[in-house]
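Chains, contacts and geometry: an overview
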Amino acid sequence: MLNVSGLACSRGERRLFSDVGFSLAAGEWLHVQGENGSGKTSLMRLLVGLSPADAGQIRWRDEPTPSTEFRRDLIYLGHHAAVKEDLTPLENLRLAAALDGIALDERAALVALIRLGLRGREELPVRVLSAGQKRRVLLARLLTRPAVLWVLDEAFNALDVAAVKLLGELIAEHLSAGGMAVLTSHQPLPVPGGKALVL
Amino acid sequence: MRQSIIQWFRFGSPQAFYPLAGRLIPWFWAATAAFGLAGLWISFFVAPTDAQQGEGYRIIFVHVPASWMSMFIYLVMAFWAGLGLALNTRLSGMMAQSLAPTGALMAALSLWTGALWGKPMWGAWWVWDARLTSELILFFLYLGFMALQAAIDDPRRADKAGAILALVGVVNIPIIYFSVKWWNTLHQGSTINLTKAPSMAHTMLWGMLLMALCFWMYSIAVALTRVRAIILERERHTDWVKHAVA
Amino acid sequence: MNAFFATVRRDLLLALRRKSEVLTAVFFFVIVTSLFPLGIGPEPVLLKKIAPGILWVAALLATLLGLPRLFAADHVDGTLEQMALSPSSLGLLVAGKILAHWLLCGLPLVLLAPVLGLQFDLDASALGVLTLALLLGTPLLSLIGAIGAALTLGVRGGGVLLALLVLPLYIPALIFGAGAVEAHIAGLGAGGHLSLLAAMLALAVFFAPWATTAALRIALE
């Protein structure tokens, strides 16, 4: 469903990578590896359509991206916290869903937050949560947003051992339900299988 | 026919354009000198003394061409910037960047000569005449464009952001000009109209035309020189530049 | 359309949690209008004459003050990125943000201006025209200002650069907005000025979100 070919990217004058290609079908995931500065984040941003590529093609369901369908099927979690600190986790989830045009009732949002271990903190402003808990609020969007392709850039950072295990479970569930994922990480990932791409 | 069109597109790359510009520049300087000498001669020796304004009016031979060029250059700059945004070409953005300082210079020259004209005619260094005020605003638009490009580190982002600003500016310039004209007539009537030129003798028109051509050739020569410097700076990591400056 | 209203709701909710930011723009408006009599002199006839201009310039500057905040916070915490990736049209979300910005920064000025106009001894009908002119003009200022805010997102020298870019573009609104009140006072009728303001507003409603969206995508690259 996802076909990438001939991607090239430069940052300023440096050519980061060229001729990068891969495909993913339902249930598969890609582990993007490389040293610091090798262009992992740039590749993620290129993939989701935030940055333009110097060359190459990305096709989703045989249509060139970025398309509305691609954006509907996609969820991207990058380095930023991507949560509003002055709102509560519950408000964050519900507003993010409303912005995306997705119906999300309060019950479903609460279920997601509880699964991510935030019981009792749903109504506190995110400001007062710890860094790890803030990350969990972001990860809760994986459950409330029915995306097919998960693009997670360093998602396992700032997570404690329990959270790492939880995220691994979430990804595994997603894959077995027919979803796809592209992950970058410095650490070995608690998700079996997977193709590798080294930049 | 198709072959020759493809030949022209070749010059869309900075590497090919650099030597072409280098060959063209001396010709434009020559044209500048030729038109300038002819224009100045007509301005000072051939055009008759004006009945109302005496000799002082001769500054219009610099003021009016400078105004024309300042507006024309903005249009050209916006065109190149827009082209670069639409086609994602590097050279177009570089052309826009190289035109901006010359356009700003023309606007500043127009303002300065306007002031020099105003003092003997109206007794004040500045009057809020519609044309001068519009010229001042155009000057600000140039400064804004240059400031924006200077503030953004990534040259590609600077090109694109500048393009949007230039295009927004192009749409706004007629609106601004119209509104300033309205403001001027509403408040001051038709008493102050600095650029109401004396009834044009044939020779005066020729003088202004020749000076305008002189400024045009100058602008092209300077823009080409500047774009060569920009090309060297932006492409400094490529092999051909390393050879060229070695 | 739901995404549009959701964005408005979101920005209003966020502003409510940080009321001080909204109130500073309003206080700024009040302070700046008070500066002019202090600088020029308290002569009532003169003040009455220059009041429309003063109130309009102060409104321009107060709007300018609030513009950097339009996108900066969302840019820093990464929510702007998420909006750019949303299946909802970014232009729609941006339009929602601009509307929220106007409700928070522009509308208070519209409501406050008649009160401040009394300080300058403007009569009731002139105050009415002033309010109407600001009602048409302040959304125009928010729309044009949004383009500048998007272009200077994350750029060095942000606030001052934004002012340099946006103030020349504000001039037509200033001329027709202040001109409307002055024309009314002079007995010439404000209809022409107000119609032109309305026309500029209509133009801006169509083009500004589009230009702002393009500038935002460039800033996010």
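If you're wondering where the values come from, they're calculated on a predicted model, not measured in any experiment. (Residues numbered from 1 in each chain as written. Chains lettered and ligands numbered in written order. Predicted model: local features only at pLDDT ≥ 70, side-chain atom pairs only at ≥ 80, totals over all residues.)

Some remarks on the overall build of chain B
Here is the rule we go by: Secondary structure elements are defined from DSSP: runs of H or I of at least 4 residues count as helices, runs of E of at least 2 residues count as strands, and each element is numbered from the N terminus. Comment: burial labels come from other C-beta atoms within 10 Å of the residue's own C-beta, placed from the backbone, where a count of 20 or more is buried, 12 or fewer is exposed, and between is partly exposed. By the convention adopted here, residues make contact when the C-beta atoms placed from their backbones lie within 7 Å.
Of the regular secondary structure elements, chain B holds eight helices and zero strands. For chain B, the succession of helices and strands along the chain, N to C, is α-α-α-α-α-α-α-α. Looking at chain B residue by residue over its 246 residues, the buried ones come to 41%. When contacts within chain B are restricted to residue pairs at least 6 apart in sequence, long-range pairs at least 24 apart make up 80% of them.

So, the overall build of chain C
What counts here: The quantity called the radius of gyration is restricted to C-alpha atoms. Its globule counterpart is 2.2 Å times the number of residues to the power 0.38.
Counting its regular elements, chain C contains nine helices and zero strands. Reading the helices (α) and strands (β) of chain C from amino to carboxyl end gives α-α-α-α-α-α-α-α-α. Over its C-alpha atoms chain C spans a radius of gyration of 18 Å, differing by no more than 12% from the 17 Å that the globule rule assigns to 221 residues. With the C-alpha coordinates aligned to their principal axes, the bounding extent of chain C is approximately 55 × 30 × 30 Å. For chain C, with 221 residues in total, the buried portion stands at 54%. Restricting the contact set of chain C to residue pairs at least 6 apart, pairs at least 24 apart contribute 79%.

A few points about the sheet that holds strand β1 (residues 2–11) of chain A
Residue and element names in this part refer to chain A. Put simply, the rule reads: Pairing between two strands requires that DSSP report at least two bridges joining them. Axis lines are fitted to C-alpha atoms, over the contacting stretch for helices. Their N-to-C directions set the angle, which ranges from 0 to 180 degrees.
Across the sheet, which stays open at both edges, the four strands sit in the order β2-β1-β4-β5 with antiparallel pairing between neighbours. Every interior strand has two partners, whereas the edge strands, β2 (14–24) and β5 (63–64), have only one. As judged from the five bridges shared by β1 and strand β4 (residues 55–60), these two strands associate in the antiparallel manner. Across the sheet, residue Ser5 finds its bridge partner in β4, namely Gln57. Sheet strands touched by helix α1 (residues 40–48): β1, β2 and β4. Its angle to β1, the strand with the most contacts, is close to 125°.

Concerning the interface of chain A and chain C
What counts, and what does not: Only Asp, Glu, Lys and Arg are considered charged, only Ala, Val, Leu, Ile, Met, Phe, Trp, Tyr, Cys and Pro nonpolar, and every remaining residue, Gly among them, polar.
Taken together, the contact pairs 24 residues of chain A with 23 residues of chain C. Elements supplying a minimum of two residues to the side of chain A that touches chain C: α2 (68–73), β6 (74–77) and α3 (89–99) of chain A. Per-element accounting of the side of chain A that touches chain C gives the leading share, four residues, to α3 of chain A. Considering only residue class, the side of chain A that touches chain C consists of 13 nonpolar, five polar and six charged.

Considering helix α7 (residues 124–151) of chain C
Residues and elements named next belong to chain C. Worth spelling out the cut-off: Here the expected span of a helix is defined as 1.5 Å times the quantity of residues minus one. Fitting axes to the seven residues that end at a residue and to the seven that start at it, the angle between those axes gives the bend at that residue.
The end-to-end C-alpha separation of α7 is 40 Å, in line with the 40 Å expected for 28 residues at 1.5 Å each. The largest bend along α7 reaches roughly 25° and is located at Leu135, with the proline Pro139 sitting one to four residues downstream. Extensive coverage of α7 is indicated by the burial of 21 of its 28 residues.

Let's talk about the environment of His202 of chain B
Mapping His202 of chain B onto the fold places it in helix α7 (residues 202–234). In this structure, the C-alpha to C-alpha distance between His202 of chain B and Leu85 of chain B, residues 117 residues apart in sequence, is 43 Å.

Let's talk about the pairing of β4 of chain A
Note that β4 of chain A and β5 of chain A share two bridges and pair antiparallel. Bridging from a neighbouring strand, Trp60 of chain A pairs with Glu63 of chain A of β5 of chain A.

Some details on helix α4 (residues 90–122) of chain B
Residue and element names in this part refer to chain B. For α4, spanning 33 residues, the distance from its first C-alpha to its last is 48 Å, which sits close to the expected 48 Å at 1.5 Å a residue. The largest bend in α4 is about 25°, located at Ala100, with the proline Pro101 one to four residues further on. After α4 finishes, the residue Gly123 shows a positive phi value of roughly 80°.

Examining the sheet that holds strand β7 (residues 149–153) of chain A
All names here are of chain A. Pairing is parallel in the open sheet, where five strands are placed in the order β6-β7-β8-β3-β9. Of all strands in the sheet, those with a lone pairing partner are β6 and β9 (195–198), marking the two edges. Within this sheet the neighbouring strands show an average axis-to-axis angle of 15°, counted without direction. Pairing geometry for β7 and strand β8 (residues 180–184), over five bridges, is parallel. Directly across from Leu149, in β8, lies its bridge partner Met180. With respect to the sheet, α1 is in contact with β3 (29–33), β6, β7 and β8, its orientation differing from that of β7 by roughly 150°.

Observations concerning the nonpolar core
Just so we agree on the cut-off: Remark: nonpolar core denotes a set of buried Ala, Val, Leu, Ile, Met, Phe, Trp, Tyr and Cys residues whose joining runs through C-beta atoms within 7 Å.
Among the nonpolar cores identified, the biggest contains 208 residues, and Val151 of chain A, Met77 of chain B together with Ile144, Ala150 and Ala215 of chain C are the most heavily contacted of them. Looking at this core, the element that brings in the most residues is helix α8 (residues 158–185) of chain C, giving 16 residues. Aside from chain neighbours lying at most four places away, what touches Ala215 of chain C is Ala161 and Ile164 of chain B together with Ile147, Ala150 and Leu151 of chain C.

Observations concerning the environment of Ile147 of chain C
Mapped onto the fold, Ile147 of chain C is located in helix α7. For Ile147 of chain C, a count of 28 C-beta atoms within 10 Å corresponds to the buried category. Sequence separation between Ile147 of chain C and Ala113 of chain C is 34 residues, and the spatial gap between their C-alpha atoms is 25 Å. Apart from the residues lying within four places of it in its own chain, the contact partners of Ile147 of chain C are Val168 of chain B together with Ala208, Ala211, Thr212 and Ala215 of chain C.

Here we look at the packing of helix α2 (residues 19–40) of chain C against helix α3 (residues 44–66) of chain C
Packed helix pairs are specified by the crossing angle of their axes together with the interaxial distance, meaning the distance between the axes. Residue and element names in this part refer to chain C. Which entries qualify depends on this criterion: Each crossing is labelled by how the near helix is turned from the far one, with a counterclockwise turn of less than a right angle marking it left-handed and a clockwise turn marking it right-handed.
One can describe the packing of α2 onto α3 by two numbers: an axis separation of 9 Å at closest approach and a directional angle of 145°. The interaxial crossing formed by α2 with α3 has right-handed handedness. Listed contacts from α3 to Ala25, Phe28, Phe29, Val32, Thr33, Phe36, Pro37 and Ile40 of α2 are Leu46, Leu47, Ile54, Leu55, Ala58, Ala59, Leu61, Ala62, Leu65 and Gly66.

Notes on the confidence of the model for chain B
The condition is simple: Residue-level confidence of the predictor is what pLDDT reports, using numbers from 0 through 100.
With 90% of its residues at a pLDDT of 70 or more, chain B has an overall mean of 86. The weakest mean pLDDT in chain B belongs to helix α1 (residues 2–10) of chain B at 69; the strongest belongs to helix α3 (residues 60–87) of chain B at 93.

Comments concerning the confidence of the model for chain C
Residue and element names in this part refer to chain C. Averaged over all residues, the pLDDT of chain C is 92; the fraction at 70 or higher stands at 100%. Highest mean pLDDT in chain C belongs to α7 (95); lowest belongs to α2 (87). Confidence estimates for the predicted assembly give a pTM of 0.89 and an ipTM of 0.90.

Looking at the packing of α3 of chain C against helix α6 (residues 90–119) of chain C
Residues and elements named next belong to chain C. Threshold: Roughly parallel refers to an angle under 35 degrees, roughly antiparallel to one over 145, roughly perpendicular to one between 65 and 115, and oblique to any angle outside these ranges.
Where α3 meets α6, the axes come as close as 10 Å, and the angle between the chain directions of the two elements is 155°. Considering the angle they form, α3 stands roughly antiparallel to α6. Regarding α3 and α6, the two cross each other, and that crossing is right-handed. Each of Ala51, Leu55, Ala59, Ala62, Thr63 and Gly66 in α3 lies in contact with α6, whose residues at this interface are His101, Cys105, Gly106, Leu109, Ala113, Leu116 and Gly117. Of the residues assigned to the contact of α3 with α6, the class counts are eight nonpolar, five polar and no charged.

Considerations on the pairing of β6 of chain A
All names here are of chain A. Burial of β6 is two-sided: the residues Leu74 and Tyr76 facing one way and the residues Ile75 and Leu77 facing the other way are all buried. Alignment of β6 against β7, held across four bridges, turns out to be parallel. Of the residues in β7, the one forming a bridge with Tyr76 is Val151.

Focus on unusual backbone geometry
All names here are of chain A. Residue Pro66 is reached from Thr65 by a cis peptide bond, and omega for that bond is -5°. Within the secondary structure, Pro66 sits in the loop between β5 and α2. Within the chain, Arg61 stands out as a residue other than glycine whose phi angle is a positive 50°. In this structure, Arg61 sits in the loop between β4 and β5. Phi angles above zero are rare outside glycine, and Asp62 is one such case at about 70°. Taking the number of C-beta atoms within 10 Å as the measure of exposure, Asp62 has 7 and is therefore exposed.

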